[in-house]
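Notes for the structure review
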Amino acid sequence: MAKVKITETVLRDAHQSLIATRMKTDDMLPIIDKLDKVGYASLECWGGATFDACLRFLNEDPWERLRKIKNTAKNTKLQMLLRGQNLLGYKHYADDVVEYFVQKAVANGIDIIRIFDALNDPRNIETAIKACKKEGGHAQGTVCYTISPVHNLDLFVKDAKQLEEMGADSICIKDMAGLLLPYTAYELVKALKENVKIPIQLHTHYTSGVASMTYLKAIEAGVDIVDCAISPMSMGTSQPPTEPLVATLKDTTYDTGYDLNLLSEIADYFRPIKEKYIKSGLLDVKVMGVDVNTLIYQVPGGMLSNLVSQLKQSNALDKFEEVLKEVPRVREDFGYPPLVTPTSQIVGTQAVLNVLTGERYKMVTKESKNLVKGEYGKTPAPVSKEIQDKILNGEEPITCRPADLIPPELESIKSQMKEYMEQDEDVLTYALFPQVAEGFFKYRQAQKYKIDSTMVDYENKIHPI
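Since the structure is predicted, the reported quantities are computational estimates derived from the model, not experimental observations.

Thresholds applied
All residue numbers refer to positions counted from 1 along the written sequence of the respective chain. Confidence filtering applies because this is a predicted model: local features only for residues at pLDDT of at least 70, side-chain atom pairs given and counted only at 80 or more, and all residues used for totals across whole chains, interfaces and linings. Note that water and hydrogens are dropped before the side-chain values are worked out from all heavy atoms of the structure. Any two strands are treated as partners once DSSP identifies two or more bridges connecting them. Secondary structure elements follow DSSP: runs of H or I no shorter than four residues count as helices, runs of E no shorter than two count as strands, and numbering proceeds from the N terminus. Angles here are taken between N-to-C directions and fall from 0 to 180 degrees, while the axes themselves are lines fitted to C-alpha atoms, restricted in helices to the stretch in contact. Residue contacts are counted whenever heavy atoms from the two residues lie within 4.5 Å of one another. One fewer than the residue count of a helix, multiplied by 1.5 Å, yields its expected span. Burial here depends on accessible area, computed with a 1.4 Å probe over protein chains only, as a share of the maximum for the residue type. Under 20% is buried, over 50% is exposed, and the range in between is partly exposed. Viewed with both strands pointing away, a crossover whose connecting path from the first strand over the helix to the second turns clockwise is right-handed. Take the buried residues of types Ala, Val, Leu, Ile, Met, Phe, Trp, Tyr and Cys, join any two whose side-chain atoms come within 4.5 Å, and each joined set is a nonpolar core.

1. Overview of the sheet that holds strand β1 (residues 5-8)
As a general point, the strands of a sheet are linked pairwise by backbone hydrogen bonds and lie either parallel or antiparallel. Spatially, β1-β2-β3-β4-β5-β6-β7-β8 is the arrangement adopted by the eight strands of the closed barrel, whose pairing is parallel. Shown here is a sheet whose adjacent strand axes are inclined to one another by a mean of 30°, direction ignored. In the sheet, strand β6 (residues 170-175) pairs with strand β7 (residues 200-204) via five bridges, with the strands oriented parallel. Residue pairing in the sheet places Lys 174 in a bridge with His 203 of β7. Against the sheet, helix α10 (residues 242-249) contacts β1 and β8 (225-228), and its axis sits at roughly 175° relative to β1.

See the structure below:
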């Protein structure tokens, strides 16, 4: 057996999962040099919600963050998470925007792009895979893991083979809810290794408490790489901790070869940072525990807290159990989508509305309608005619690839935001988050011209955010 490799998630998914993606670039840069010496398969440091959070909450340019990390990490590949045709936003973008985004991500320092689609619809992944390959990047095709009457080993293998045929350089099993149990992981990895020739990587969350055991069984089945987070930023809704797995595999055929003393120094660096985020209230210790409801209701941890918050706002927390029972019913009605951004939010919100109004689908969100209509892609199981009729009110569902209906939009976006343009990448920032980007660009101008950002200079169109 080959040695197992680890992708370190502390710079992206770990803090996205624990502190709502609020780790600042200044907290990352001092430790990059040591992270770079470990020998990781890759450092996941970009994509997911980092782009939005940099602009919205930290007044940072996400492109600048990437360039700074690249500048220090000379030996380790940098990795990002991309939502296929959604990129890092919450809707489908035209192919020209997807292609330009991928081009710029690779040009600014990304080596590996993990590309996924919430519905596992390969049509929503293909453009990004081709663009990544064209730019010389490593395109990792992703299979979102979930449990339903239509999801089984055969379907996951079929999805993986399709991604391999599209040109994916490796396959990631993305278990966003922490539902993958150890012995199931063994069977899944074994089946994939027998059917695809490219490397297999496994990503999970500690939410349900089984993740380290799941990794061990996956490693025994031949998985090539697993995602871990350095211990202070691990467990709970984050990934399994890096050091215990390295110690467990030491002196076995799977030995990572990583230096535990170096990992210990990295952990020492992140401990006070974690304390800082606990004191600020950003890290709620509740997310550090094990939530067995994840396995009972097959609902990701973040989605559970979302449901609680929606019910609190309506003074209807007593309806929590009822909503939890409604979630799988809505999911069945909607064709068993995996529960990951954005489908987890769509299904959860619709379940809340169904319970609060006392009548199923009396009120339907725009997103629910779009999902049923096919605007997010093809659902794993067909949506029943009855549900389509009830929700679409006579509108015809679409069966083509959703992005086929979106004309090229890059040039019109450029003309909309040309007054803010300071680097090529700004057009992409604006394309993904127009209002948030505009606020950030105004802040950046104010900083650049050393203008007190509490003042408003209308003549120069410079405003505080």
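2. Some words on helix α8 (residues 182-195)
Residue pairs spaced three or four apart in an α-helix point in one direction, given the helix's 3.6 residues per turn. Taking 1.5 Å of rise per residue, the 14 residues of α8 would be expected to cover 20 Å, and the 20 Å separating its terminal C-alpha atoms lies within 8% of that figure. For α8, the set of buried residues is Pro 182, Ala 185, Leu 188, Val 189, Ala 191 and Leu 192. Buried residues belonging to α8 abut α7 (153-166), β6, β7 and α9 (211-220).

3. Observations concerning the pairing of β8
Because side chains alternate across β8, one face comprises the buried residues Ile 225 and Asp 227, and the other comprises Val 226 and Cys 228, equally buried. Here four bridges tie β1 to β8, and the two strands are oriented parallel to one another. In the sheet register, Ile 6 faces β8, and the bridge partner there is Val 226. Of the pairings in the sheet, the one linking β7 to β8 comprises two bridges and is parallel in character. The residue bridging Leu 202 from the neighbouring strand is Val 226, located in β8. With respect to chirality, the unit in which β7 leads through α9 into the neighbouring parallel β8 is right-handed.

4. Quick notes on the nonpolar core
Of all hydrophobic cores here, the largest spans 104 residues; its most connected members are Trp 46, Leu 82 and Phe 101. In this structure Phe 101 touches Trp 46, Phe 51, Trp 63, Met 80, Leu 82, Leu 87, Leu 88, Leu 428 and Leu 432, once residues within four positions along its chain are discounted. Val 330, Val 372, Val 383 and Leu 392 belong to the second-largest nonpolar core, a separate cluster that totals 28 residues.

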